[in-house]
Amino acid sequence: QVQLVESGGGLAQAGGSLRLSCAASGRTVSIYAMGWFRQAPGKEREFVAASGRSTYYADSVKGRFTISRDNNKNTVYLQMNSLKPEDTAVYYCAAGTPLLLQPPYEPDYWGRGTQVTVSS
């Protein structure tokens with residue numbers, strides 16, 4: 001099993017920045033890809049970004065968000081710049097096989113989520 005713990009969420013103003021972190025523990029050798037999803041109130045969970053050998057982004061965050069990994073620390077980061085109110089959501093860390101990297105984005109493991117709120 002793999003455990004994922006997110007941190008770094010909070011409140012930001014539109015145009016501001018936040019950095020999310022997700023630390024993996026447990027059977028981390030089984031992890032190929034790590035990524036981020038988000039779920040806004042009343043909406044379905046959606047893909048945000050993922051990292052395997054390459055990085056992948058949802059169109060809505062391209063050019064504003066950057067995903068990175070520190071494999072020595074089993075940690076993935078999401079740097080979020082130029083935040084918009086529509087980025088408000090619970091952000092979930094995910095990990096798994098290469099199935100995580102392309103639609104329908106199927107992680108094996110999920111974190112519990114961290115709230116990001118962007119005020120206008």
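Residues numbered from 1 in each chain as written. Predicted model: local features only at pLDDT ≥ 70, side-chain atom pairs only at ≥ 80, totals over all residues. Heavy atoms only, no water.

Caption draft 1: Expanded view of the pairing of strand β8 (residues 75-80). Burial analysis of β8 places five of its six residues in the buried class, which makes it a mostly covered element. As defined by bridge partners, strand β3 (residues 18-26) adjoins β8 across six bridges and the pair is classed as antiparallel. Note on β8: the bridge partner recorded for S21 is Y77. Note that strand β7 (residues 65-70) and β8 share six bridges and pair antiparallel. What sits directly across from D70, in β8, is T75. Counting the residues between successive antiparallel strands, the hairpin from β7 to β8 contains four residues, one of them, N74, with a positive phi of roughly 50 degrees. (Buried < 20%, exposed > 50% of the residue type's maximum accessible area, 1.4 Å probe, protein only. Helix = DSSP H or I, 4+ residues; strand = E, 2+ residues; numbered from the N terminus. Pairing = 2+ DSSP bridges.)

Caption draft 2: Structural context of the side chain of R64. In this structure, R64 sits in the loop between β6 (55-57) and β7. Within polar-contact distance, the side chain of R64 engages the side chain of D87 at 2.7 Å. Setting aside residues up to four positions removed in sequence, R64 forms contacts with Q79, M80, N81, S82, L83, K84 and D87. (Polar contact = N/O pair within 3.5 Å; in protein donor to acceptor, adjacent residues only side chain to side chain. Contact = heavy atoms within 4.5 Å.)

Caption draft 3: A look at the nonpolar core. Core analysis: the largest hydrophobic core is formed by 35 residues, its most contacted members being L4, M34, W36, L78, M80 and Y91. Mapped onto this core, the elements with two or more residues apiece are β1 (2-7), β3, β4 (33-39), β5 (46-51), β7, β8, β9 (89-96) and β11 (114-119). Here the element with the most residues in this core is β9; it accounts for five residues. Excluding residues that lie within four positions of it along the chain, L4 makes contacts with C22, A23, A24, M34, C93, A94, A95, Y109, W110, G111 and R112. (Core = buried A, V, L, I, M, F, W, Y, C linked by side-chain atoms within 4.5 Å.)

Caption draft 4: Up close: the packing of aromatic side chains. In total, this model carries five aromatic pairs according to the counting rule given. Ring geometry for F37 and F47: centres 5.6 Å apart, planes at 80 degrees, overall edge-to-face. Here F47 lies in strand β5 and F37 lies in strand β4, a separation of ten residues in the sequence. Exposure remark for F47: the relative accessible area of 9% places this residue in the buried category. (Phe/Tyr/Trp six-rings, centres within 6.5 Å; stacked < 30°, edge-to-face > 60°.)

Caption draft 5: Looking closely at the environment of Q39. Within the secondary structure layout, Q39 lies in strand β4. Distance from Q39 to P85, taken between C-alpha atoms, is 13 Å for residues 46 residues apart in sequence. In this structure Q39 touches E44, R45, A89, V90 and Y92, once residues within four positions along its chain are discounted. A distance of 3.0 Å separates the side chain of Q39 from the backbone oxygen of K43, its partner in a polar contact.

Caption draft 6: Expanded view of the state of the cysteines. All chains considered together, the criterion is met by one disulfide. At a sulfur-sulfur separation of 2.0 Å, the disulfide partner of C22 is C93. Measuring handedness by torsion sign, the sulfur bridge of C22 and C93 sits at about -80 degrees and is left-handed. Linking C22 in strand β3 with C93 in strand β9, this pair joins segments that are 71 residues apart in sequence. Among the residues examined, C22 registers a relative accessible area of 0% and is labelled buried. (Disulfide = S-S within 2.5 Å.)

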